[in-house]
Amino acid sequence: MNSSVLAAEQLHTIGSPWLWVATIAGVLVLLALDFVVTRKPHEVSMREAVGWTVFYLALPVAFFGILWAGFGSKPATEFITGYLLEKSLSVDNLFVFMLLLAAFAVPAVLAQRVLLFGIVGALVLRGIFIAVGAAALASLDWAFLLFGAVLLLTALKLIRDAVTGQEQEVDISRMRSVRLMRRLMPVTDDYRGTKMAVREAGRRALTPLALVVTAVMATDLVFAIDSVPAVYGVTGDPYLVFATNAFALLGLRALYFVLQAVLARLVHLAYGLAVILGFIGVKLVLHWAHGYWDWLPEIPTAASLLVIVVVLGAVTVTSLLATRGEKDGDSATVDTPAR
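Read on for a plain summary of the structure. Note that the structure is predicted; figures quoted are calculated from it, not measured.

Considerations on the overall build of the protein
Here's step 1: Within the protein one finds twelve helices and two strands.
Here's step 2: Tracing the protein from N to C terminus, the helices and strands come up as α-α-α-α-α-α-α-β-β-α-α-α-α-α.
Here's step 3: Looking at the protein as a whole, 50% of its 339 residues qualify as buried.
Here's step 4: Counted over contacts in the protein with a minimum sequence separation of 6, partners at least 24 positions apart contribute 81%.
Here's step 5: Counting only carbon and sulfur atoms, one obtains 68% of the accessible surface of the protein, whose full area is about 15,500 Å².

Shown next, in the form of structure tokens:
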């Protein structure tokens, strides 16, 4: 059996048109709810953040149960594995968001609004990547090999940057998206609430909020490049790929405020993500090779789930132990390398 046949077999979907419509409608309703919640700028209390985080963690658990009852254990297991993978990668996104918010001196009352725009941008970009990925896997024999190579290279970069101690930094003056926006329109010196554009001296001008939102959305593109191939290494169902991304991203706004105090303490997260992405990369390469040499083994989804859970648990414990003498939030920089 060649890879094109194998790809066609894997790219089946449980998502009927009505299920797609219902899921997308549900995502839009939740996004609308988030926009209502953030309409009035305010600092997020820990109680509020924890409440929303619990809500957004309960949703994928309920969805897992629905999949298991309606479609069986296989798609349910693929979903929960992909969700855990995407959630772990999204925590890495939060590091960059934290740096961007600090670099742009975003007022605390506007932080969740910026995060929400970042989540919307990430959902749109990943939707595009999911469609492109599905088309590539269905028509190109070597797409699995290409996706696997992308993940392996990303894993090697994470390891290299972690070993060399390279710190993540944000230099606003060097960001192309910010420089482009400044060329197009003048920018006010201060924030104007939730407004991204105002009229000043008879001219339209952007506010710093517009710049930081643009910067966050630009980083979303970078993260989508390896996030989507990674989840395609868990499931070939485009519907489940979309669902895992949607559920993982929707709760980021609240999760940011829950984890904000300890984000800088997850010093070993880069190593864990490198192991996970490398493992999924090998899984994709083996899947491609199995289409030509059927004696080569394939890695089952259950094994992927076990690896993700064990690795995430291990790096969380070792990170907290390594930084147990530090106070939360002491570190001004984050040394987890960008993907």
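Let's talk about the pattern of salt bridges
Here's step 1: Under the counting rule described, the total for this entry stands at four salt bridges.
Here's step 2: Ionic pairing is found between arginine 253 and aspartate 34, a salt bridge with its closest N-O pair at 2.9 Å. Of this pair, arginine 253 sits in helix α10 (residues 252-259) while aspartate 34 is found in helix α2 (residues 17-37), placing the two residues 219 residues apart along the sequence. In this pair, the class of arginine 253 matches that of aspartate 34, namely buried.
Here's step 3: Here glutamate 78 makes a salt bridge to lysine 74, at a shortest N to O gap of 2.6 Å. Of this pair, glutamate 78 and lysine 74 both sit in helix α4 (residues 73-103), four residues apart, roughly one helical turn.

Cut-offs applied
- Residues numbered from 1 in each chain as written.
- Predicted model: local features only at pLDDT ≥ 70, side-chain atom pairs only at ≥ 80, totals over all residues.
- Heavy atoms only, no water.
- Helix = DSSP H or I, 4+ residues; strand = E, 2+ residues; numbered from the N terminus.
- Buried < 20%, exposed > 50% of the residue type's maximum accessible area, 1.4 Å probe, protein only.
- Contact = heavy atoms within 4.5 Å.
- Areas by Shrake-Rupley, 256 points an atom, 1.4 Å probe, with all protein chains shown as cover.
- Salt bridge = Lys/Arg side-chain N within 4 Å of Asp/Glu carboxyl O.

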